Amino acid sequence: MTADQRIAFRLDEHPMSRTWAAKGWTALAALDSYAAAAKAGFNGGFYQFCTSPPAGAKPYPAKQIAMTESAPTMEQYGHERVFPMPGGERAEMQAHLKLAARGAIAPRVYFLDEVKGAGRLVVGYVGPHLTNMMTN
């Protein structure tokens, strides 16, 4: 987890913060469950894990997962989706989990799945909805 805690903590001031915190915990538990399953031999990615979870897994609702951003969003706002990695480098993270469907804040959890490569799954952002083509 390399996400800036200060950004996430600002969500605490919102009336929906308890709901978002609970969904955030569920999201992180799903990512952890996926990483464990992938290391144990699960062949699919996170989305496949959530749509066809192995026994005992903790999936996240598939309708609340976006594995990519649209090309226009990335062209115009891709810089907002570059987050810190362990070791100090930075990486683009498009995959995200939705903690709320609507509203000006609609928090998101952005992550990079490198479980099958570097053996890690990095959460780079937990915070308000980032700019996209639908919000501007």
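Above this note sits the structure.
Residues numbered from 1 in each chain as written. Predicted model: local features only at pLDDT ≥ 70, side-chain atom pairs only at ≥ 80, totals over all residues. Heavy atoms only, no water.

**Considerations on the environment of Phe83**
Assignment of secondary structure puts Phe83 in strand S2 (residues 82-84). Residue class for Phe83 comes out buried when judged on its relative accessible area of 6%. Measuring from C-alpha to C-alpha, the distance between Phe83 and Ala57 comes to 28 Å, with 26 residues separating the pair along the chain. For Phe83, the contacting residues outside a window of four places in its chain are Glu89, Arg90, Ala91, Met93, Tyr110, Gly124, Tyr125 and Leu130. (Helix = DSSP H or I, 4+ residues; strand = E, 2+ residues; numbered from the N terminus. Buried < 20%, exposed > 50% of the residue type's maximum accessible area, 1.4 Å probe, protein only. Contact = heavy atoms within 4.5 Å.)

**Topic: the pairing of strand S5 (residues 108-114)**
Side-chain direction in a regular strand flips from residue to residue, so the side chains alternate between the two faces of the sheet. The buried fraction of S5 amounts to five of the seven residues, a majority that puts the element mostly inside the structure. As defined by bridge partners, strand S4 (residues 96-98) adjoins S5 across three bridges and the pair is classed as antiparallel. Across the sheet, the residue bridging to Lys98 is Arg108, located in S5. Pairing between S5 and strand S6 (residues 120-127): seven bridges, direction antiparallel. Bridge pairing in S6 links Glu114 to Arg120. Hairpin remark: S5 followed by S6, antiparallel, with five residues in the connecting loop; positive phi at Gly119, about 75°. (Pairing = 2+ DSSP bridges.)

**Structural notes on the sheet that holds S4**
Pairing is antiparallel in the open sheet, where four strands are placed in the order S1-S4-S5-S6. Sheet topology places strand S1 (65-66) and S6 at the edges, where each strand pairs with a single neighbour. Most of the contacts of helix H2 (residues 17-39) go to S6, to which it runs at about 165°, and overall it touches S4, S5 and S6. (Axes fitted to C-alpha atoms, helices over the stretch in contact; angles between N-to-C directions.)

**Some thoughts on the pattern of salt bridges**
Enumeration according to the criterion identifies four salt bridges in this entry. One salt bridge connects Arg120 with Glu89, and the closest N-O pair in it is separated by 3.5 Å. Separated by 31 residues along the polypeptide, Arg120 in strand S6 and Glu89 in the loop between S2 and strand S3 (90-92) bring together distant segments of the chain. (Salt bridge = Lys/Arg side-chain N within 4 Å of Asp/Glu carboxyl O.)

Honestly, it's all geometry; don't read function into it.
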